[in-house]
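Residue strings, one per chain:
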Amino acid sequence: MHIPDFLVAGIFSLSALTWAISAPFWVSRIERKGPNPYIRAGLVGFIVSMGGCALSVELGLLGLLTPFAAFLLFSILRSTYGLLGSAAATATQALIAAQTTGAARTRAITTLAGSLSLGTIVGPAIAPALIVDPFGPLGPMLGFALLGSFALAGAFVCLPRDRRGAESVLGGAPNMSLAQVWRRKEVGHHLSFGLLLCSAQAINLYTIGFVIIDRMAGDPMAAQRMIGIAMTAAAVAALLGQWGFVRLFSPSPLAMMRIGTGFAFAGNSLAVFDGDVRTAVAGFILASFGYGLARPGFSAAASLAGSTGDQVAIASAITFIAGASITLPPVIASAAYQWWRPAPFAIAAAIGAALLLSHLLPALVRHIVHDER
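Only a predicted model underlies this, so the values are computations on that prediction, with no experimental measurement involved.

A. Helix 3 (residues 36-61), seen in detail. The end-to-end C-alpha distance of helix 3 is 38 Å, a good match for the 38 Å that 26 residues give at a rise of 1.5 Å each. At the C-terminal side of helix 3, Gly 63 shows a positive phi close to 85°.

B. Looking closely at empty space enclosed by the protein. Within the structure shown, the criterion is met by one cavity of 30 Å³ or more. Taken together, Arg 107, Thr 110, Thr 111, Gln 242, Val 246 and Arg 247 form the lining of the largest cavity. Residue assignment for the lining of the largest cavity shows that the elements contributing at least two residues are helix 5 (102-126) and helix 10 (220-249). In terms of residue class, the lining of the largest cavity is made up of one nonpolar, three polar and two charged.

C. Looking closely at unusual backbone geometry. Pro 134 follows Asp 133 through a cis peptide bond whose omega is 5°. Positive phi is not limited to glycine here, since Ser 250 has a value of about 45°. Note on Ser 250: relative accessible area 53%, which makes it exposed.

D. Local environment of the environment of Met 1. Examined against the element boundaries, Met 1 turns out to sit in the segment before helix 1 (5-22). On the basis of relative accessibility, which here comes to 32%, the residue Met 1 falls in the partly exposed class. For the pair Met 1 and Pro 67, spaced 66 residues apart in the sequence, the C-alpha separation amounts to 6.0 Å. Excluding its chain neighbours within four sequence positions, the residues that come into contact with Met 1 are Val 57, Gly 60, Leu 61, Pro 67 and Ala 70.

E. Representation of the packing of helix 4 (residues 67-99) against helix 13 (residues 311-324). Where helix 4 contacts helix 13, the two axes come as close as 8 Å, and the packing angle between them is 135°. With respect to helix 13, the element helix 4 is oriented oblique. The two elements helix 4 and helix 13 meet at a crossing, and its hand is right-handed. Residues Ser 86, Ala 89, Thr 90, Gln 93, Ala 94 and Ala 97 of helix 4 form the contact with helix 13, whose participating residues are Gln 311, Val 312, Ala 315, Ser 316, Ile 318 and Thr 319.

F. Quick look at the packing of aromatic side chains. Overall, the coordinates contain nine aromatic pairs when judged by the stated rule. Consider the rings of Phe 245 and Phe 249, whose centres lie 4.9 Å apart with planes at 45°: the pair is tilted. Pair noted here: Phe 245 and Phe 249 are both in helix 10, with a separation of four residues, about one helical turn. Residue classification places Phe 249 among the exposed positions, given a relative accessible area of 56%. Ring centres of Phe 245 and Phe 289 lie 6.3 Å apart, and the angle between their planes is 90°; this geometry places the pair in the edge-to-face category. In this pair, Phe 245 sits in helix 10 while Phe 289 sits in helix 12 (residues 277-305), placing the two residues 44 residues apart along the sequence. On the basis of relative accessible area, Phe 289 is assigned to the buried category, the value being 16%. Members of the aromatic cluster, joined through ring pairs, are Phe 245, Phe 249, Phe 263 and Phe 289. For the cation-ring pair, Arg 29 lies above Phe 25, with the distance from its terminal atom to the ring centre recorded as 3.7 Å. Taking NZ or CZ as reference, Arg 40 lies 4.7 Å from the ring centre of Phe 156, over its face.

The rules we used
- Residues numbered from 1 in each chain as written.
- Predicted model: local features only at pLDDT ≥ 70, side-chain atom pairs only at ≥ 80, totals over all residues.
- Heavy atoms only, no water.
- Helix = DSSP H or I, 4+ residues; strand = E, 2+ residues; numbered from the N terminus.
- Expected span 1.5 Å × (residues − 1).
- 1 Å grid on protein atoms, 1.4 Å probe; cavity = no way out; pocket = protein on both sides within 12 Å on 5 of 7 lines; lining within 4 Å.
- Points joined across faces, edges and corners; volume = space filled by probe spheres on them.
- Nonpolar A, V, L, I, M, F, W, Y, C, P; charged D, E, K, R; others polar.
- Buried < 20%, exposed > 50% of the residue type's maximum accessible area, 1.4 Å probe, protein only.
- Contact = heavy atoms within 4.5 Å.
- Axes fitted to C-alpha atoms, helices over the stretch in contact; angles between N-to-C directions.
- Parallel < 35°, antiparallel > 145°, perpendicular 65-115°, else oblique.
- Left-handed = near helix turned anticlockwise from the far one by under 90°.
- Phe/Tyr/Trp six-rings, centres within 6.5 Å; stacked < 30°, edge-to-face > 60°.
- Lys NZ or Arg CZ within 6 Å of the ring centre and 35° of its normal.

Dropping the structure here:
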């Protein structure tokens, strides 16, 4: 359809922006009606987005829409998922928080994060198999829309309407806005950590392809294969952290944050000081293992630091972070990459160092003061 690559990338940035902006909108609604309807609403948004995007591409390929019109329709339909998907993400975590406590909540949130990591492995693996006649390149979008329909049917069976109302599900807690809960020091500290951490991960995720292509400039096809290997290996590494490390050692949320950030810092630092493509890929995989630990760690820490009445607002804040982190940070890092090749890794490493200092230094000072006493 001759649509420039940067415009295609812009579609997903717009969807992420819609996700971030709409997240606070769902807080009071989920508190009034309970999480189940909004989990289903997110699945509806996914189905409409996938099926509608396939339709817009087909209309463009057939010449029934101009490339610009097809691009515009695709953007609008993709943003539908940004709007409703944020409701599902908020409702899912609110439901987990309402039904778990302590270590059980940490395990549940980590398992949820592991499911997302598993999706990033399975999705790209089966997508090529869905490019079949007569659908051609539309096959993956239509196939995933069908899978979304199965998930929606499952949501009606497994998440029946709670006739007792939202109070029985969420504890009948008072409304708290995203801004209010973020200003609470014991919760806001973890949320701010998460925003910076997720921004560092987004920088790595959205620039690693450029890095691999440029470091393998002589063989573009080999670079594409290496990108696929790097992405899959990184997702596997994150999954090993979430479903392996956490289940074996049962670390606390704070330990997950510190250990994970340490791995992320080490991986990015490795790639800054060595210009070889294998080093960049190894650093990316190592950092991904760290992000896989630290992301559910901060989510669990923020949830456990809040009261029952804070949980929907905290879940909304975490949903907001997921969208906000992939809007500006990757753009800034990509611009810096044009100026200095190690810039994305250096920025992510600097964020990791700042997070480590902010969490390790206070504990070290307390330890020294305690010993002196």
